[in-house]
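The lines below spell out each chain.
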Amino acid sequence: MSDNRKITPVYVLFYILFSVDIWRIVLGILVSVLLTPLLLKTNELSPAGVAMLYVMMTAIGWSVASYPARKIAFFLRKVVLKENLPR
């Protein structure tokens, strides 16, 4: 990063919006929130087990969300910045 660029709230917002990793995390949490309750219906777990299941499902969702997260981030960059970016 050059020394001339000021870090402003707008810069941070767009950095977060265009980051593939942030989208992977969001999609991983979404997978966890949607699928963990379905898994909990099949087996009763302790509170620690429930927390661990949420963490595990988030990690699984993060790992499989690479391609969709990349597509989301590139689409947002293309729409907001109006540039031709590689796919």
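Remember, predicted model here, so these are calculated numbers, not experimental data.

Calculation criteria
- Residues numbered from 1 in each chain as written.
- Predicted model: local features only at pLDDT ≥ 70, side-chain atom pairs only at ≥ 80, totals over all residues.
- Heavy atoms only, no water.
- Helix = DSSP H or I, 4+ residues; strand = E, 2+ residues; numbered from the N terminus.
- Rg over C-alpha atoms; globule rule 2.2 N^0.38 Å.
- Buried < 20%, exposed > 50% of the residue type's maximum accessible area, 1.4 Å probe, protein only.
- Lys, Arg positive; Asp, Glu negative; His and termini not counted.
- Charge placed at Lys NZ, Arg CZ, Asp CG, Glu CD.
- Phe/Tyr/Trp six-rings, centres within 6.5 Å; stacked < 30°, edge-to-face > 60°.
- Lys NZ or Arg CZ within 6 Å of the ring centre and 35° of its normal.
- Axes fitted to C-alpha atoms, helices over the stretch in contact; angles between N-to-C directions.
- Parallel < 35°, antiparallel > 145°, perpendicular 65-115°, else oblique.
- Left-handed = near helix turned anticlockwise from the far one by under 90°.
- Contact = heavy atoms within 4.5 Å.
- Nonpolar A, V, L, I, M, F, W, Y, C, P; charged D, E, K, R; others polar.

Draft legend 1. Geometry of the overall build of the protein. Scanning the protein from terminus to terminus reveals four helices and zero strands. Mapped in sequence order, the helices and strands of the protein form the string α-α-α-α. Against the 2.2 N^0.38 benchmark of 12 Å for 87 residues, the protein shows a C-alpha radius of gyration of 17 Å, more extended than a compact globule. The 87 residues of the protein split such that 16% are buried. For the protein, the distance from the average site of its 10 positive side-chain charges to the average site of its 4 negative ones is 11 Å.

Draft legend 2. Main features of the packing of aromatic side chains. Tallied over the full model, the rule gives one aromatic pair. Seen in terms of ring centroids, Phe14 and Phe18 are 5.6 Å apart; in terms of plane orientation they differ by 35°. Their pairing is tilted. Assessed through its relative accessible area of 31%, Phe14 is described here as partly exposed. Taking relative accessible area as the criterion, Phe18 reaches 12% and is therefore assigned buried. If you follow Arg24 out to its NZ or CZ, it ends over the ring of Trp62, 3.8 Å from the centre.

Draft legend 3. Broad picture of the packing of helix α2 (residues 20-40) against helix α3 (residues 47-64). Relative orientation of the contacting elements α2 and α3 amounts to 135°, with a least axis distance of 7 Å. One element, α2, and the other, α3, form an angle in the oblique class. At the point where α2 passes α3, the crossing takes the right-handed sense. Within the contact between the two elements, α2 uses Arg24, Ile25, Gly28, Ile29, Val31, Ser32, Val33, Leu35, Thr36, Pro37, Leu39 and Leu40 and α3 uses Val50, Leu53, Tyr54, Met57, Thr58, Gly61, Trp62 and Ser63. Each residue belonging to the contact of α2 with α3 can be placed in one class, and the counts come to 13 nonpolar, six polar and one charged.

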